[in-house]
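Reading the structure
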Amino acid sequence: MSERLAQRALCLDDFEAMSRRRLPRPVFGYVAGATERNASLRDNEAAFAEWAFQPRVLVDVSRRSPAATLFGRAWAAPFGIAPMGMSALAAYRGDIVLAQAARAAEIPMILSGSSLIRMEEVIAANPDAWFQAYLPGDAKRVEALVDRVAAAGFGTLLLTVDTAVLPNRENNVRNGFSTPLRPSLRLLWEGITHPRWSIGSFLRTWAKFGMPHFENSFAERGAPILARNVLRDFTARDHLNWEHLALIRRRWPGVLMIKGVMHPEDARRAAAEGCEGVIVSNHGGRQLDGTASPLRVLPAIRAAAPGIAVLYDGGVRRGTDVLKALALGADFVFVGRPMLHAAAAAGRAGVDRAIALLKGEIERNMALLGVNSLAELRPDCLLRVGGYSSTTT
Ligand SMILES: Cc1cc2nc3c(=O)[nH]c(=O)nc-3n(C[C@H](O)[C@H](O)[C@H](O)COP(=O)(O)O)c2cc1C
């Protein structure tokens, strides 16, 4: 059933329509939405349209491969799954499904610190998974979480740094979405009118594993996902600064990156602090509305931090988007919403299909562009056909 549904998707965008039908409005809005006027969300897509390809012809492309190497590890494709909080609310066992699909396809998957399944379970399903943390500016709690992530066996840690305070997501308020979810007649009605989600995902999880909690925000267990009076612990993230990063660097033995870098100076500082990489990202347009698309700052960040890995996320929906980001300096690309929509719509079969579709597009487009390897992707593969990017400064 899920398999047949997944096969109906011909491109990543198709999963969004399927997920809209499957999910209660508050949950769909949480996944698909952004913040305030959605200016950054729109720009994330628009920025890709401002670059066009300049293909080369009569190149023997029969040996082409989308394989990519990052931190000395070979991956089957140059993209991975971005960290998404509460994935297990949108899709049954969401984090496990994403982790298993990524493992089978040999691409990286990043577990969100705001997830509802214990990190120890997720890494058991995919020993190559990475962990993303939101950290409070409190040294003791930072150290305890970092130690737990290391003990669980993760080798790569990302610190998300674009969330000093909670953003202004009016769509969540309008749709009745909060964390934790507050029981209400409206929520009950949404559950009744979306039985495939409420029975097939929410109640199934509750019956089998108990009420989901935020499991990985700290070393200890956090709040439940459904509660009338409980407040989720968002303690003092606005204190977080470069000193905390230095503290983490001293304590964390593995690969360390910061996610949410949008300024070349911050990338330079991250490299100086000993980070192995940065993720150029505006959080899918979900934090400061009006932040530029990360694609616009990618070339300047690449130039500012030549010695570290530069990863990219935001608005990637097509193989052509992946190739453009790589040509503009990204070493690797991450995809958010479409993967969670695929999991919500058709579970593991959906995510398998989404990965296969994107990988297939990359392979086909490499041939049409006239390249055999991703290393051949350089800015001269592209022409700027509109708008503004930091390469013009
Ligand atoms: C539902 C959802 C939850 C997210 N949760 C997190 C999170 O917990 N931590 C984080 O660093 N980024 C989070 N993000 C941002 C993604 O990691 C990523 O930056 C963004 O989705 C990329 O844009 P895209 O959705 O257009 O691909 C979330 C995004 C979505 C859509």
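Everything discussed here concerns the structure shown above.
Below is a summary of the structure that appears in this document.

1. As for the overall build of the chain
A tally of helices and strands in the chain yields 16 helices and 12 strands. Taking 2.2 N^0.38 as the reference for a compact globule, 393 residues should give roughly 21 Å; the C-alpha atoms of the chain span a radius of gyration of 20 Å, in line with that estimate. Along the first, second and third principal axes, the C-alpha set of the chain runs to 60 × 50 × 40 Å. Across the 393 residues of the chain, 58% fall into the buried class. Put simply, of all contacts in the chain between residues at least 6 apart along the chain, 75% involve residues at least 24 apart. Just so you have it, the chain exposes about 16500 Å², and 55% of that area is on carbon and sulfur atoms. Computing the positive centroid from 48 side-chain charges and the negative centroid from 38, the chain places the two 5 Å apart.

2. A word on the side chain of aspartate 43
Counting through the fold element by element, aspartate 43 comes out in helix α4 (residues 39-49). The contact partners of aspartate 43, leaving out residues within four places of it in the chain, are Ala292, Ser293 and Arg296.

3. Side note on the site of the ligand
Neighbouring the ligand are 22 residues, the closest being Pro83, Ser112, Tyr134, Thr160 and Asp313. Note that a nitrogen atom of the ligand is positioned 2.8 Å from one of the side-chain N or O atoms of tyrosine 134. Contact distances for the ligand include 2.8 Å between an oxygen atom and a backbone N or O atom of glycine 336. Here the ligand loses 98% of its free accessible area of 600 Å² to cover by the protein chains. Most atoms of the ligand, that is more than half of them, are within 2 Å of grid points of the largest pocket. Across the shell around the ligand, the residue classes tally to 7 nonpolar, 10 polar and 5 charged.

4. Describing a positive patch on the surface
Positive charge collects at one region of the surface, where Arg4, Arg8, Arg21 and Arg196 lie side by side. Checked against the element boundaries, arginine 21 lands in helix α2 (residues 12-22). With relative accessibility at 55%, the residue arginine 21 sits in the exposed group.

5. Comments concerning the layout of surface pockets
Computed from the structure, the largest pocket encloses a volume of approximately 930 Å³. In terms of lining residues, the largest pocket is bounded by 45 residues, among which Tyr30, Arg169, His283, Arg286 and Gln287 are the most central. Elements with a contribution of two residues or more to the lining of the largest pocket: α2, α3 (25-32), α4, α9 (170-175) and α16 (337-369). Across the lining of the largest pocket, the residue classes tally to 18 nonpolar, 16 polar and 11 charged. Of the volumes computed, that of the second largest pocket is approximately 320 Å³. In terms of lining, the second largest pocket is formed by 19 residues, of which the most central are Val161, Asp162, Leu240, Asn241 and Trp242.

6. Details of the pairing of strand β8 (residues 255-261)
Along β8, 7 of the 7 residues are buried, which leaves the element largely enclosed by surrounding structure. Across 5 bridges, the pairing between strand β7 (residues 156-160) and β8 is parallel. In the sheet register, leucine 157 faces β8, and the bridge partner there is leucine 256. As paired strands, β8 and strand β9 (residues 277-280) are joined by 4 bridges and run parallel to one another. When the sheet's bridge partners are listed, isoleucine 258 is paired in β9 with valine 278.

7. Notes on the packing of aromatic side chains
This structure, assessed with the given rule, holds 8 aromatic pairs. Geometrically, the ring pair formed by phenylalanine 48 and tyrosine 312 is edge-to-face, given 6.0 Å between the ring centres and 85° between the ring planes. Taken together, the residues span a long stretch of sequence, with phenylalanine 48 in helix α4 and tyrosine 312 in strand β10 (residues 309-313) at a distance of 264 residues. By relative accessible area, tyrosine 312 is classed as buried at 0%. Through pairs of rings, three or more aromatic residues link up here, namely Phe71, Trp130, Phe332 and Phe334. Over the ring of tyrosine 92 we find arginine 204; its NZ or CZ atom is 3.6 Å from the centre of that ring. In this structure, arginine 286 is placed above the aromatic ring of tyrosine 30, and the distance from its NZ or CZ to the ring centre is 5.1 Å.

8. A look at the sheet that holds strand β11 (residues 332-335)
Taken in spatial order, the 8 strands make up an open sheet running β4-β11-β10-β9-β8-β7-β6-β5, and their pairing is parallel. On the outer flanks of this sheet lie β4 (79-81) and β5 (110-111), each paired with one strand and no other. Of the strands in this sheet, β7 and β8 touch helix α12 (residues 242-251), which is tilted by about 155° from β8. Here α16 sits on the sheet in contact with β4 and β11, set at roughly 175° to β4.

9. Focus: the nonpolar core
Within the largest apolar cluster, 125 residues are counted, with the highest numbers of intra-cluster contacts made by Ile81, Leu89, Phe154, Val278 and Met339. The dominant element in this core, judged by the number of residues it contributes, is α16, at 16 residues. Ignoring any residue separated from it by four or fewer positions in sequence, one finds phenylalanine 154 in contact with Leu111, Met119, Ile123, Ala129, Trp130, Phe131, Val149 and Trp252.

What counts, and at which threshold
Residues numbered from 1 in each chain as written. Predicted model: local features only at pLDDT ≥ 70, side-chain atom pairs only at ≥ 80, totals over all residues. Heavy atoms only, no water. Helix = DSSP H or I, 4+ residues; strand = E, 2+ residues; numbered from the N terminus. Rg over C-alpha atoms; globule rule 2.2 N^0.38 Å. Buried < 20%, exposed > 50% of the residue type's maximum accessible area, 1.4 Å probe, protein only. Contact = heavy atoms within 4.5 Å. Areas by Shrake-Rupley, 256 points an atom, 1.4 Å probe, with all protein chains shown as cover. Lys, Arg positive; Asp, Glu negative; His and termini not counted. Charge placed at Lys NZ, Arg CZ, Asp CG, Glu CD. Near = heavy atom within 4 Å. Polar contact = N/O pair within 3.5 Å; in protein donor to acceptor, adjacent residues only side chain to side chain. 1 Å grid on protein atoms, 1.4 Å probe; cavity = no way out; pocket = protein on both sides within 12 Å on 5 of 7 lines; lining within 4 Å. Sits in = over half its atoms within 2 Å of the grid points. Nonpolar A, V, L, I, M, F, W, Y, C, P; charged D, E, K, R; others polar. Patch = residues over 30% accessible without salt bridge, like charges linked within 9 Å, V, L, I, M, F, W, Y side chains within 5 Å. Salt bridge = Lys/Arg side-chain N within 4 Å of Asp/Glu carboxyl O. Points joined across faces, edges and corners; volume = space filled by probe spheres on them. Pairing = 2+ DSSP bridges. Phe/Tyr/Trp six-rings, centres within 6.5 Å; stacked < 30°, edge-to-face > 60°. Lys NZ or Arg CZ within 6 Å of the ring centre and 35° of its normal. Axes fitted to C-alpha atoms, helices over the stretch in contact; angles between N-to-C directions. Core = buried A, V, L, I, M, F, W, Y, C linked by side-chain atoms within 4.5 Å.

Read these as spatial facts, not as claims about activity.
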